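Inside the fold
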Amino acid sequence: MRDVATAAGVGLATVSRVFSGAPGVRPEVAERVTAAALRLGYRRDAAASSLRRADRRSGTVGLLLADVANPFAAALHRAVEDAAVTRGVLVLAGSSDESAERELAVIETFRSRRVDALIVMPSGGTDLALAEMCAQGTPVVSVDRPLEIPAARSVVADNRGGARDAVSRLRALGHRRIAFFGDRCDLWTAQERLAGYAEAMAGEMDRALVCRGLAGAEQAEQATARLLALPHPPTALFTAQNLLTIGARRALQVRGEQRLIAHVGFDDLPLGDLLDPPMSVVAQDPARMGAVAAQAAFALLDGDSGLPPCTVLRTRYLARGSGEIPPGLRAG
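As the structure is a prediction and not an experimental result, all values here were calculated from the model. (Residues numbered from 1 in each chain as written. Predicted model: local features only at pLDDT ≥ 70, side-chain atom pairs only at ≥ 80, totals over all residues. Heavy atoms only, no water.)

**Let's talk about the nonpolar core**
- Residues Leu 76, Ile 119, Val 141, Val 143, Met 289 and Phe 298 are the most contacted members of the largest nonpolar core, which totals 29 residues.
- Ranked by residues supplied to this core, first place goes to helix H12 (residues 286-301) with nine residues.
- Beyond its immediate chain neighbours, meaning those up to four positions away, Val 141 contacts Leu 118, Ile 119, Val 120, Arg 153, Val 155, Ala 293, Ala 296, Ala 297 and Leu 300.
- Counting 20 residues, the second-largest nonpolar core is a separate cluster that includes Ala 166, Leu 194, Ala 236 and Val 282. (Core = buried A, V, L, I, M, F, W, Y, C linked by side-chain atoms within 4.5 Å. Buried < 20%, exposed > 50% of the residue type's maximum accessible area, 1.4 Å probe, protein only. Helix = DSSP H or I, 4+ residues; strand = E, 2+ residues; numbered from the N terminus. Contact = heavy atoms within 4.5 Å.)

Dropping the structure here:
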């Protein structure tokens, strides 16, 4: 920085103000400093700068999702990143793969890098570590699943209401044998979607048509084939997670029955509207969820303690065709 100051003919404090974005520097002076830095190959050391700041902030936010490759997580990730850019903050992202061990390791990595805030999709096994972060003054915001930590904030979708509405629509068409496909039984989202399904079935739920604990598209495809081979198979499917929707839809198409059995998924799919028939879904808004979570994290950083403990976002039912198939079309 001293070399840059000498080359630009300014004081060291002026160089510091230019690279920290502080006000009070004339545009022509800032341009001269920037040009000198480019000539000399100077790069600001953000880590060293953070040590000199009174608030000790690192200018980074940690984002921990179940799987950053999942379309839902990817959309949420982008929304957080877009919000962070407006604050000049870098987002450090990682995946837990729904493993509490891996989640804890990523949390510890974020803590060692002194992230200013953490946005997390919790697996349920790291509450103690997250509570410790809150106690140390690091804002923690959970997305998709709530946290029972007083200092943390949560942003979730109305999973129960969305599932109940979708299954109620199937029942209104005349379906009574409606299969349910869910992922990990201990996940709050899976439990809420199952509860919504059960409420819509109004006491007519057949346990033989409830498949839980499915891990990914392949297991959902196998479960679908097994149910369709029953003497009294389901006339409709409700898949409570996007990867399970892909597997179930694949099983229907392999059998050529995608136009004979109604199918509704929870979470939209990329190009789901281009299938034949197009995929009817309960759509969350991951981009809005990410934006609201980022706003909450930055509000907590700014000292706003008046945020609600949990913000619940509404879902939308997108009737595209696969969920509007009436019962009785499949022979046998």
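**Some thoughts on the packing of aromatic side chains**
- Counted according to the given criterion, the structure contains two aromatic pairs.
- Arranged with centres 5.1 Å apart and planes meeting at 40 degrees, the rings of Phe 180 and Tyr 197 form a pair that is tilted. Of the two residues, Phe 180 sits in strand E6 (residues 178-181) while Tyr 197 sits in helix H9 (residues 188-201), which places them 17 residues apart along the sequence.
- What makes Phe 180 buried here is its relative accessible area of 1%.
- By relative accessible area, which is 0% here, Tyr 197 ends up buried.
- Members of the aromatic cluster, each reached through a chain of ring pairs, are Phe 180, Tyr 197 and Phe 238.
- Stacked on the ring of Phe 266, the Lys or Arg Arg 193 has its end atom at 3.9 Å from the ring centre. (Phe/Tyr/Trp six-rings, centres within 6.5 Å; stacked < 30°, edge-to-face > 60°. Lys NZ or Arg CZ within 6 Å of the ring centre and 35° of its normal.)

**A short note on the sheet that holds strand E9 (residues 262-266)**
- Read across the sheet, six strands follow the order E7-E6-E8-E9-E10-E12 without closing on themselves; strand pairing throughout is mixed. Two strands close off the open sheet at either side, each with one partner strand: strand E7 (210-211) and strand E12 (316-318).
- Contacts between helix H8 (residues 159-172) and the sheet are confined to E6, strand E8 (236-239), E9, strand E10 (280-283) and E12, with E9 contributing the most and set at about 175 degrees to the helix.
- Helix H11 (residues 242-254) contacts E6, E8 and E9 of the sheet and is inclined by roughly 160 degrees relative to E9. (Pairing = 2+ DSSP bridges. Axes fitted to C-alpha atoms, helices over the stretch in contact; angles between N-to-C directions.)

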